[in-house]
Amino acid sequence: MANSNESKRRSLFCCHYARLGDVTEAARCAGYPPETAAADGAALLRQSCYRRMVETYRSALQDNPAAVVRAGLERLAFGRTNDAVQLVLAEEMPAPEQIQRLDLFPVSSIKRDKNGGMEVHFFDRLKALASLYEYSGDADGKAAAHALLSALSGGTEADGE
(Lines give C-alpha, C1' and ligand atoms only; values in the text may rest on other atoms or scores of the structure.)
Protein backbone atom coordinates (compact mmCIF):
# COMPACT_ATOMS: atom_id res chain seq x y z
CA MET A 1 0.00 0.00 0.00
CA ALA A 2 2.87 2.36 0.76
CA ASN A 3 4.20 1.71 -2.74
CA SER A 4 0.78 2.61 -4.19
CA ASN A 5 0.71 5.86 -2.19
CA GLU A 6 4.20 6.74 -3.38
CA SER A 7 3.21 6.01 -6.97
CA LYS A 8 0.20 8.32 -6.61
CA ARG A 9 2.38 11.01 -5.07
CA ARG A 10 4.86 10.77 -7.98
CA SER A 11 2.05 11.00 -10.50
CA LEU A 12 0.62 13.96 -8.62
CA PHE A 13 4.05 15.63 -8.70
CA CYS A 14 4.17 15.20 -12.49
CA CYS A 15 0.72 16.71 -12.86
CA HIS A 16 1.57 19.70 -10.67
CA TYR A 17 4.93 20.19 -12.39
CA ALA A 18 3.28 20.17 -15.82
CA ARG A 19 0.81 22.77 -14.60
CA LEU A 20 3.12 24.97 -12.51
CA GLY A 21 6.56 24.56 -14.03
CA ASP A 22 8.15 24.88 -10.59
CA VAL A 23 9.87 21.76 -9.22
CA THR A 24 9.78 22.77 -5.55
CA GLU A 25 6.19 23.95 -5.53
CA ALA A 26 5.03 20.90 -7.47
CA ALA A 27 6.74 18.60 -4.98
CA ARG A 28 5.20 20.48 -2.04
CA CYS A 29 1.75 20.25 -3.63
CA ALA A 30 2.26 16.51 -4.13
CA GLY A 31 3.01 16.06 -0.43
CA TYR A 32 6.79 15.97 -0.27
CA PRO A 33 8.33 17.67 2.80
CA PRO A 34 9.22 21.34 2.15
CA GLU A 35 12.80 20.73 3.34
CA THR A 36 13.45 18.14 0.63
CA ALA A 37 10.87 19.14 -2.00
CA ALA A 38 13.36 20.57 -4.51
CA ALA A 39 15.67 17.55 -4.30
CA ASP A 40 12.77 15.06 -4.39
CA GLY A 41 11.26 16.73 -7.46
CA ALA A 42 14.60 16.96 -9.24
CA ALA A 43 15.26 13.27 -8.54
CA LEU A 44 11.93 12.34 -10.15
CA LEU A 45 12.65 14.46 -13.21
CA ARG A 46 15.94 12.62 -13.76
CA GLN A 47 13.90 9.48 -14.50
CA SER A 48 12.66 9.22 -18.07
CA CYS A 49 9.30 7.65 -17.12
CA TYR A 50 8.39 10.73 -15.05
CA ARG A 51 9.61 13.15 -17.73
CA ARG A 52 7.29 11.35 -20.18
CA MET A 53 4.43 11.61 -17.69
CA VAL A 54 5.04 15.36 -17.37
CA GLU A 55 4.97 15.70 -21.17
CA THR A 56 1.70 13.78 -21.32
CA TYR A 57 0.14 16.12 -18.78
CA ARG A 58 1.56 19.18 -20.57
CA SER A 59 0.12 18.14 -23.91
CA ALA A 60 -3.27 17.65 -22.25
CA LEU A 61 -3.01 21.15 -20.81
CA GLN A 62 -2.00 22.60 -24.17
CA ASP A 63 -5.14 21.07 -25.66
CA ASN A 64 -7.04 23.02 -23.00
CA PRO A 65 -5.64 26.56 -22.70
CA ALA A 66 -8.45 27.42 -20.27
CA ALA A 67 -6.88 25.00 -17.78
CA VAL A 68 -3.55 26.85 -18.02
CA VAL A 69 -5.24 30.21 -17.43
CA ARG A 70 -7.20 28.79 -14.51
CA ALA A 71 -4.01 27.31 -13.00
CA GLY A 72 -2.27 30.71 -13.20
CA LEU A 73 -5.22 32.47 -11.60
CA GLU A 74 -5.34 29.84 -8.85
CA ARG A 75 -1.64 30.36 -8.14
CA LEU A 76 -2.20 34.12 -7.87
CA ALA A 77 -5.30 33.77 -5.71
CA PHE A 78 -4.17 30.98 -3.40
CA GLY A 79 -0.39 30.74 -3.84
CA ARG A 80 2.16 31.14 -1.11
CA THR A 81 4.13 34.35 -0.70
CA ASN A 82 6.69 32.90 1.73
CA ASP A 83 9.60 33.08 -0.71
CA ALA A 84 8.98 36.75 -1.50
CA VAL A 85 8.72 37.59 2.20
CA GLN A 86 11.93 35.63 2.84
CA LEU A 87 13.66 37.69 0.15
CA VAL A 88 12.49 40.97 1.68
CA LEU A 89 13.49 39.98 5.22
CA ALA A 90 16.93 38.63 4.26
CA GLU A 91 19.70 40.71 5.78
CA GLU A 92 21.98 39.93 2.84
CA MET A 93 21.08 39.48 -0.79
CA PRO A 94 20.82 35.73 -1.50
CA ALA A 95 23.14 34.11 -4.03
CA PRO A 96 21.82 33.98 -7.62
CA GLU A 97 21.25 30.21 -7.45
CA GLN A 98 19.13 30.70 -4.31
CA ILE A 99 17.10 33.42 -6.00
CA GLN A 100 16.42 31.11 -8.94
CA ARG A 101 14.87 28.56 -6.56
CA LEU A 102 12.45 31.11 -5.07
CA ASP A 103 8.82 31.00 -6.16
CA LEU A 104 8.14 34.61 -7.10
CA PHE A 105 5.08 33.92 -9.27
CA PRO A 106 2.77 36.16 -7.18
CA VAL A 107 5.21 39.10 -7.41
CA SER A 108 4.38 41.74 -10.01
CA SER A 109 7.49 43.88 -9.44
CA ILE A 110 10.49 44.36 -7.18
CA LYS A 111 12.21 47.70 -6.79
CA ARG A 112 15.37 48.46 -4.91
CA ASP A 113 16.09 52.05 -3.89
CA LYS A 114 19.53 53.64 -3.67
CA ASN A 115 19.58 53.22 0.13
CA GLY A 116 19.25 49.43 -0.16
CA GLY A 117 15.55 49.28 0.66
CA MET A 118 13.32 46.92 -1.24
CA GLU A 119 9.75 47.38 -2.42
CA VAL A 120 7.80 44.28 -3.47
CA HIS A 121 4.46 44.50 -5.26
CA PHE A 122 2.19 41.46 -5.42
CA PHE A 123 -0.54 40.74 -7.93
CA ASP A 124 -3.98 41.48 -6.51
CA ARG A 125 -5.47 38.31 -4.99
CA LEU A 126 -8.99 39.74 -4.97
CA LYS A 127 -8.79 40.44 -8.70
CA ALA A 128 -7.51 36.92 -9.30
CA LEU A 129 -10.41 35.52 -7.25
CA ALA A 130 -12.90 37.65 -9.15
CA SER A 131 -11.41 36.50 -12.44
CA LEU A 132 -11.63 32.88 -11.31
CA TYR A 133 -15.24 33.40 -10.37
CA GLU A 134 -16.08 34.97 -13.71
CA TYR A 135 -14.08 32.34 -15.52
CA SER A 136 -15.93 29.51 -13.79
CA GLY A 137 -19.08 30.31 -15.73
CA ASP A 138 -21.09 30.67 -12.53
CA ALA A 139 -20.94 34.43 -12.68
CA ASP A 140 -23.25 36.76 -14.50
CA GLY A 141 -20.77 39.32 -15.78
CA LYS A 142 -19.59 42.37 -13.88
CA ALA A 143 -22.41 42.32 -11.35
CA ALA A 144 -21.37 38.93 -9.99
CA ALA A 145 -17.68 39.90 -9.85
CA HIS A 146 -18.62 43.09 -8.02
CA ALA A 147 -20.72 41.11 -5.54
CA LEU A 148 -17.83 38.70 -4.91
CA LEU A 149 -15.34 41.52 -4.36
CA SER A 150 -17.79 43.25 -2.08
CA ALA A 151 -18.34 40.09 -0.05
CA LEU A 152 -14.61 39.39 0.21
CA SER A 153 -13.83 42.92 1.34
CA GLY A 154 -16.58 42.81 3.98
CA GLY A 155 -18.53 45.66 2.41
CA THR A 156 -22.07 45.76 1.16
CA GLU A 157 -23.09 46.12 -2.43
CA ALA A 158 -24.02 49.62 -3.42
CA ASP A 159 -27.36 49.91 -5.20
CA GLY A 160 -27.16 50.90 -8.83
CA GLU A 161 -23.53 49.84 -9.33
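Please refer to the structure placed before this passage.
Residues numbered from 1 in each chain as written. Predicted model: local features only at pLDDT ≥ 70, side-chain atom pairs only at ≥ 80, totals over all residues. Heavy atoms only, no water.

Strand direction decides the pairing type here: strand β1 (residues 107-112) and strand β2 (residues 118-122), joined by five bridges, are antiparallel. Each residue of the ladder has a partner; that of I110, found in β2, is V120. In sequence, β1 turns back onto β2 through a hairpin of five residues, with G116 there showing a positive phi of about 95°. (Pairing = 2+ DSSP bridges. Helix = DSSP H or I, 4+ residues; strand = E, 2+ residues; numbered from the N terminus.)

What follows concerns the nonpolar core. In terms of nonpolar packing, the biggest core is built from 14 residues, with F13, Y17, Y32 and V54 touching the most fellow members. Those elements that provide at least two residues to this core are α1 (2-20), α2 (23-30), α3 (37-45) and α4 (48-62). Counting residues per element, this core draws most heavily on α1, which supplies four residues. Leave out the neighbours within four places in its chain, and Y17 touches D22, V23, A26, L45, V54 and R58. Listed in part, the six residues of the second largest apolar core include L73, A77, A128 and L132. (Core = buried A, V, L, I, M, F, W, Y, C linked by side-chain atoms within 4.5 Å. Buried < 20%, exposed > 50% of the residue type's maximum accessible area, 1.4 Å probe, protein only. Contact = heavy atoms within 4.5 Å.)

Attention now goes to the packing of aromatic side chains. For the structure shown, the criterion picks out one aromatic pair. Ring plane angle 10° and centroid distance 5.9 Å describe the contact between F13 and Y17, whose orientation is recorded as stacked. Here F13 pairs with Y17, and both are found in helix α1, just four residues apart, close to one helical turn. The residues F13 and Y17 share a single accessibility class, namely buried. Above the ring of Y32, the side-chain terminus of R9 is found at 3.9 Å from the ring centroid. In this structure, R75 packs its charged tip against the face of F105, placed 4.0 Å from the ring centre. (Phe/Tyr/Trp six-rings, centres within 6.5 Å; stacked < 30°, edge-to-face > 60°. Lys NZ or Arg CZ within 6 Å of the ring centre and 35° of its normal.)

Looking only at helix α6 (residues 82-89), the buried set comprises D83, A84 and L87. In a view along the axis of α6, the buried residues occupy a sector of 100°, so they form one face of it. Where α6 is buried, its residues contact α2, α7 (96-101), β1 and β2. (Arc of directions from axis to C-beta.)

Our focus in this paragraph is a nonpolar patch on the surface. Side chains of V85, V88, L89 and F122 sit close together on the surface and give an oily, nonpolar patch of about 350 Å² of accessible area. Ranked by residues supplied to the nonpolar patch, first place goes to α6 with three residues. Residue position: V85 is located in helix α6. (Patch = residues over 30% accessible without salt bridge, like charges linked within 9 Å, V, L, I, M, F, W, Y side chains within 5 Å. Areas by Shrake-Rupley, 256 points an atom, 1.4 Å probe, with all protein chains shown as cover. Salt bridge = Lys/Arg side-chain N within 4 Å of Asp/Glu carboxyl O.)

What follows concerns α4. Between its first and last C-alpha, α4 extends 21 Å over 15 residues, near the 21 Å set by a 1.5 Å rise per residue. For α4, every residue scored as buried is listed here: Y50, V54 and L61. Along the long axis of α4, the arc covered by the buried residues comes to 45°, so they all point the same way. Of the exposed residues in α4, those oriented more than 90 degrees away from the buried face are R52, T56 and Q62. (Expected span 1.5 Å × (residues − 1).)

Everything listed here is a matter of geometry and, on its own, says nothing about what the molecule does.
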